[in-house]
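What follows is the residue order along each chain.
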Amino acid sequence: MGSDPSKETGHGVSFWELFEEDWLNGRHIPLYCHTPGTTNWTTKLPVDTAAVSVDDNMGMSGMATLGFQEDDMVEYMNYVRLGPKAPLEVIMHELGHTMGMYIDEYGSCKDTDI
Ligand SMILES: [Zn+2]
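Predicted model only: the values in this text are computed from it and were never measured.

Rules used in this analysis
- Residues numbered from 1 in each chain as written.
- Predicted model: local features only at pLDDT ≥ 70, side-chain atom pairs only at ≥ 80, totals over all residues.
- Helix = DSSP H or I, 4+ residues; strand = E, 2+ residues; numbered from the N terminus.
- Buried ≥ 20, exposed ≤ 12 C-beta atoms within 10 Å, placed from the backbone.
- Contact = placed C-beta atoms within 7 Å.
- Pairing = 2+ DSSP bridges.

## Description of the environment of E75
Okay, so step 1: With respect to the helices and strands, E75 occurs in the loop between β4 (62–65) and β5 (78–82).
Okay, so step 2: E75 gets classed as partly exposed once you count the C-beta atoms within 10 Å, which come to 19.
Okay, so step 3: Taking the C-alpha atoms as reference, E75 lies 8.5 Å from P46; in sequence the two are 29 residues apart.
Okay, so step 4: Here E75 is in contact with W41 and V47, once residues within four sequence places are set aside.

## So, the pairing of strand β1 (residues 19–22)
Okay, so step 1: As defined by bridge partners, β1 adjoins strand β2 (residues 27–30) across four bridges and the pair is classed as antiparallel. In the strand pairing of β2, F19 is matched with P30.
Okay, so step 2: Once β1 ends, the chain turns through four residues before running back antiparallel as β2, passing G26 with a positive phi of about 65 degrees.

This is the structure we're talking about:
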């Protein structure tokens, strides 16, 4: 899912869900950013992966980093965190922030980490 790079900017966006093989049970299981049960970033993903996660304490809200930030030494640097009841417009709003969109039409946007 995503788009080809823009002719004007050369930038494009792609999304994909990663799975790993569960050889014992013969199935594919989702590859999470963290090693299950810990806060340790899994070494199977590049550290500059933008992680999308659900935070049970966030209700209908969300938060995200602004733009793509790159540092090979910092794990989990680009992220979107969403409440379990976040509506589609909140999800799209936060994904927009991670792509560099800063929305300030209704006053300051306080849901973005910069
Ligand atoms: Zn915002």
